[in-house]
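# Residue-level structure breakdown
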Amino acid sequence: MHIHILGICGTFMGGIAAIARESGHKVTGCDKDVYPPMSAQLEAQGIELISGYSTDQIQLSPDLFVIGNVVTRGNPLMEEILNQNLPYISGPQWLSENILRGRWVLAVSGTHGKTTTSSMLAWILEYAGMNPGFLIGGIPENFGISARIGNILTAKNKHIGCQPNEVSPFFVIEADEYDTAFFDKRSKFVHYHPRTAILNNLEFDHADIFPDLTAIERQFHHFIRIVPNNGLIVSNGQDENLKHVLSQGCWTPIEVFGNDNGWQSKPQSKNDLSVYFMQKHQGNLQWDLLGEHNRMNMLAALSAARHAGVPVKTGLEALAQFKNVKRRMETIGIVNDITVYDDFAHHPTSIQTTLDGLRSSVGNAKIIAVLEPRSNTMKMGIWKDALADSLVEADQIFCFASNIEWARSTLSPLGDKANCYDELANLISAIATVSKPHDHILIMSNGGFGNIHEKLLIALKQH
């Protein structure tokens, strides 16, 4: 089958393209801007990419158009597909019908931590010899790719009920609550029909499509309604919003993490954790990941993997070798004893937890936080009152925003600690000027940020 993907360069749709190609389909695609790293990854797999949404792409005559949620009415190619009554489908529905059906789906949902937890879970299953398929909204460093259909099993895997030369039954997916497509306003995750579902946390987000927290809770309840009663829901036992969702009705066994009634971790030293389930010691974990949020992610992944048949001891061994995800507190360079990190944080909660984790690691060393507030919710001002509070652990803050007056007003509670710029070159020069040996520069954005990472490293060398 030939499928043509609209919006192919997004992480999710690019993952679908890679899986479809691996499944034997002919895959082509288009996007507003065909850009790396996804474009390079797809082209390396033999996927033809077209820049823009020109109507002449109809002449490719694919069997099916797969539509990403960046595509809206008014898109010229989409309008022509509708005018000619050509077959089309959303990305999540295509994935559900062609890849996930009949498999043991392990879906990771939540406002924060989906990518990291999905990566941990996929790695635990891989370490245990289960060769899972996965589709993750980032690149786990243990794999070097964001998606795959699931490797062919070997004879050593017979203990999980599969014969040699069968595709793994296990598939890990990052389960996003954002809407599916312009013609399907349900959250993506309702298409995945998981047997194991992680509920990491729940806060208000995506103000461009959800009017309030209640609307998001409703989608999460739709999600848990489709988890079978021989499955498992792994839920954050500290999150009151998730408790409210579950109280609306749940037909599946639940394991919680983060309290005495389920999974817990207790630090023994900086990099040594003791793990408990129902107050019974399960083992210790040596690792380098920072922050309480990563410890919670780890507990959720352990619980879900255990449900799929991985002993806790094996899960802990796997996590000791977990290398994290690109753009999650990733050290991108050290220049003149100044360490520069890249992180995807863009919500006040994730900004605060990331800074807290770095502070616990570096002690009293100077932290310079560099933020690009670019999400739709941030631009709408929904988190205006919370943003300044989330940055208090930083010693100095640099904010890059096209609406510089909004940024100055939002960060005014931080006083002289906050510096706002609308020109990237001036921002980089200012950061390089104030940076000293032993400082830690944390760059936070859910976009490319004008390639600031490479440019800043060059500026630091020059200084």
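See the structure printed just above.
Attention here is on the structure that accompanies the text.

Each value, and the rule that gives it
Residues numbered from 1 in each chain as written. Predicted model: local features only at pLDDT ≥ 70, side-chain atom pairs only at ≥ 80, totals over all residues. Heavy atoms only, no water. Helix = DSSP H or I, 4+ residues; strand = E, 2+ residues; numbered from the N terminus. Buried < 20%, exposed > 50% of the residue type's maximum accessible area, 1.4 Å probe, protein only. Polar contact = N/O pair within 3.5 Å; in protein donor to acceptor, adjacent residues only side chain to side chain. Pairing = 2+ DSSP bridges. Axes fitted to C-alpha atoms, helices over the stretch in contact; angles between N-to-C directions. Contact = heavy atoms within 4.5 Å. Disulfide = S-S within 2.5 Å. Salt bridge = Lys/Arg side-chain N within 4 Å of Asp/Glu carboxyl O. Arc of directions from axis to C-beta.

## Structural notes on the side chain of S274
- Following the sequence through the fold, S274 ends up in strand β16 (residues 272-277).
- With relative accessibility at 4%, the residue S274 sits in the buried group.
- One polar contact links S274 to N284, side chain to side chain, over a distance of 3.1 Å.

## Re the sheet that holds strand β3 (residues 48-51)
- A sheet is described by the order of its strands in space; here 5 strands give the open sequence β3-β2-β1-β4-β5, paired in parallel fashion. Where the open sheet ends on each side, the last strands, each with one partner, are β3 and β5 (88-90). Ignoring strand direction, the axes of neighbouring strands in this sheet form an average angle of 25 degrees.
- Direction of pairing for strand β1 (residues 2-6) relative to strand β4 (residues 64-67): parallel, over a ladder of 4 bridges. From the neighbouring strand, I3 faces β4, where its bridge partner is L64.
- Sheet strands in contact with helix α3 (residues 76-83) are β1, β2 (26-31), β4 and β5, and its direction is about 135 degrees off that of β1.
- Its contacts with the sheet place helix α4 (residues 91-100) against β1, β4 and β5, and it is angled at close to 90 degrees to β5.

## Things to note about the state of the cysteines
- Here the structure, examined in full by the defined rule, presents 0 disulfides.
- C399 provides the cysteine sulfur closest to C420, a residue in no disulfide bond, and the two sulfurs are 4.9 Å apart.

## What to know about helix α14 (residues 424-434)
- When α14 is considered as a whole, its buried residues turn out to be L424, L427, I428, A430, I431 and A432.
- Close packing links the buried residues of α14 with β20 (367-371), β21 (396-400), β22 (418-421), β23 (440-444) and α15 (452-462).

## A closer look at the environment of L202
- Tracing the chain through its elements places L202 in the loop between β12 (196-199) and α6 (213-225).
- Considered as a pair, L202 and D176 are 26 residues apart in the sequence and their alpha carbons are 12 Å apart.
- Apart from the residues within four sequence positions on either side, L202 is in contact with T111, L213, I216, E217, F220, D239, N241, L242 and V245.

## Some remarks on the pattern of salt bridges
- Counted under the stated rule, the structure contains 14 salt bridges.
- Across the pair K114 and E177 runs a salt bridge whose closest N-O atoms are separated by 3.9 Å. Of the two residues, K114 is situated in helix α5 (residues 114-127) and E177 in the loop between β9 (170-174) and β10 (179-181); the sequence distance between them amounts to 63 residues.
- Among the charged side chains, a network of salt bridges with common partners joins R359, E393 and D395.

## Focus on α15
- Burial in α15 covers these residues: I452, H453, L456, L457, A459 and L460. Taken down its axis, α15 places every buried residue within 165 degrees of arc, on the same side. Facing away from the buried side of α15, by more than 90 degrees, are the exposed residues K461 and Q462.
- Of the surrounding elements, those touching the buried residues of α15 are β18 (330-335), β19 (338-343), β20, α14 and β23.

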